[in-house]
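The lines below spell out each chain.
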Amino acid sequence: MSDRAARDHLAQELRALRARASTPSYTVIATWGGNRTPKVNLGRSKLSQWFSGESVPADVNAFDALVCFLERRAAQKQGTTRRPTSVMEGLRAAADAERRRATASTRMTLMDGACTSAGRDAEPGAPLPTGSVVSLVEAVEELMAQAELVFEHNVRAFHGFGEAVHPSDLDALAAVDHALVAVRTAARPMRVLMPTYQPVIDKLLELCTDVRRWCTEDGIPDDDDDIFVSFYLQYVPQLKELLEKFVLVAAQGRSPQLPTMGGAQDSQASDRA
């Protein structure tokens, strides 16, 4: 069974529910969330990751509000009976439990030092520098968290695309810069201690830099128009996927293979053509 079967099932059901509701755009959903009382944060980057299965909804209140909105629209459009929110909440809870188990398992393996090899360049029986692995992983996760705060703020502010970050946002952006420095600092000894991991570590650094660069992107047109696809929303899932693979191979002591990933800017250029 897939280690993300519950997450994929949840995303599939969310997409089906959205289709029954006549596929409202992420902009429509986000605007509805911002106008209701109390307000619900349903930013488009968050919605994109929920519906694609890239992330599991952690905000139960926001998720329940989304399901209620879609179920109500589906009932109006299709004339069907609204299902209780507990149906989708059960799927969300299962997906969240699956994610927590996977994270706990790999982290525990690393922290316990269960792996005894760092790849082909390590001497037989040489201990894996687990502390360094965990430090790098935590630094990357902190970068993503800080970058998401900047991105979400810019999207809600509806600044014009390409404008400089507003001075009031500089403190938040400084936190992203600080997190990126921490990632680079944590990666430096890893490249020496784990030579076979260098390509993956270098790709992690590249994607972290891309996420930092494009978290200031804002004024994104409606995603359903296929006019523009956010660089940020392309790089973040790639970074999450690569980080998960890195943790897994490090915990198992395998020599990593860099996954093939399409260039976000290349696909962006073709979308604009």
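Residues numbered from 1 in each chain as written. Predicted model: local features only at pLDDT ≥ 70, side-chain atom pairs only at ≥ 80, totals over all residues. Heavy atoms only, no water.

Draft legend 1. Seen up close, the overall build of the protein. Scanning the protein from N- to C-terminus turns up ten helices and zero strands. Its helices and strands taken in sequence order, the protein reads α-α-α-α-α-α-α-α-α-α from the N to the C terminus. Burial analysis of the protein (273 residues in total) assigns 44% to the buried set. Put simply, of all contacts in the protein between residues at least 6 apart along the chain, 75% involve residues at least 24 apart. Approximately 13700 Å² of the protein is accessible, and the part contributed by carbon and sulfur atoms is 53%. (Helix = DSSP H or I, 4+ residues; strand = E, 2+ residues; numbered from the N terminus. Buried < 20%, exposed > 50% of the residue type's maximum accessible area, 1.4 Å probe, protein only. Contact = heavy atoms within 4.5 Å. Areas by Shrake-Rupley, 256 points an atom, 1.4 Å probe, with all protein chains shown as cover.)

Draft legend 2. Main features of the pattern of salt bridges. A full pass over the atoms with the stated rule returns five salt bridges. Salt-bridge contacts for Glu89 lead to Arg92; the nearest nitrogen and oxygen are separated by 3.0 Å. Of this pair, Glu89 and Arg92 both sit in helix α5 (residues 85–111), three residues apart, which is roughly one turn of that helix. Taking the relative accessible area as the measure of exposure, Arg92 reaches 7% and is therefore buried. (Salt bridge = Lys/Arg side-chain N within 4 Å of Asp/Glu carboxyl O.)

Draft legend 3. Structural context of the packing of helix α1 (residues 5–20) against helix α3 (residues 44–52). Running from N to C, α1 and α3 point in directions that differ by 115°, and their axes come no closer than 7 Å. By the angle between their directions, the pair α1 and α3 is classed as roughly perpendicular. Residues Ala11, Leu14, Arg15 and Arg18 of α1 form the contact with α3, whose own contacting residues are Trp50, Phe51 and Ser52. (Axes fitted to C-alpha atoms, helices over the stretch in contact; angles between N-to-C directions. Parallel < 35°, antiparallel > 145°, perpendicular 65-115°, else oblique.)

Draft legend 4. Spotlight on α3. For α3, the tally of buried residues reaches seven of nine residues, placing the bulk of the element in the interior. Just downstream of α3, Gly53 is the residue with a positive phi angle, here 85°.

Draft legend 5. Fine view of the packing of aromatic side chains. A complete count under the given rule lists five aromatic pairs for this structure. Seen in terms of ring centroids, Tyr26 and Phe51 are 5.7 Å apart; in terms of plane orientation they differ by 25°. Their pairing is stacked. Within this pair, whereas Tyr26 is found in helix α2 (residues 26–35), its partner Phe51 is found in helix α3, the two being separated by 25 residues in sequence. Its relative accessible area of 2% is what places Phe51 among the buried residues. (Phe/Tyr/Trp six-rings, centres within 6.5 Å; stacked < 30°, edge-to-face > 60°.)

Draft legend 6. Representation of the packing of α2 against helix α4 (residues 60–78). Following both chains from N to C, one finds α2 and α4 inclined at 115°, their axes separated by 11 Å at the closest point. The two elements α2 and α4 cross, and the hand of that crossing is right-handed. Two secondary-structure elements touch here, α2 through Val28, Ile29 and Trp32 and α4 through Ala65, Leu66, Phe69, Leu70 and Arg72. Residue classes in the contact of α2 with α4 are distributed as seven nonpolar, no polar and one charged. (Left-handed = near helix turned anticlockwise from the far one by under 90°. Nonpolar A, V, L, I, M, F, W, Y, C, P; charged D, E, K, R; others polar.)

Draft legend 7. Spatial organisation of the nonpolar core. Counting 40 residues, the largest nonpolar core has Leu136 and Phe246 as the members making the most contacts within it. Breaking this core down by element, the ones donating at least two residues are α6 (130–157), α7 (170–193), α8 (198–214) and α9 (231–252). Here the element with the most residues in this core is α9; it accounts for eleven residues. The contact partners of Leu136, leaving out residues within four places of it in the chain, are Val183, Ala186, Ala187, Met190, Ile201, Leu204 and Phe246. In this structure, Ala21, Tyr26, Ile29 and Leu47 belong to the second largest nonpolar core, which totals 23 residues. (Core = buried A, V, L, I, M, F, W, Y, C linked by side-chain atoms within 4.5 Å.)

Draft legend 8. Focus on unusual backbone geometry. You will see that Ser22, though not glycine, has its phi angle at about 70°, which is positive. Of note in the backbone geometry, Thr23 takes a positive phi value of approximately 50° without being a glycine. Mapped onto the fold, Thr23 is located in the loop between α1 and α2.

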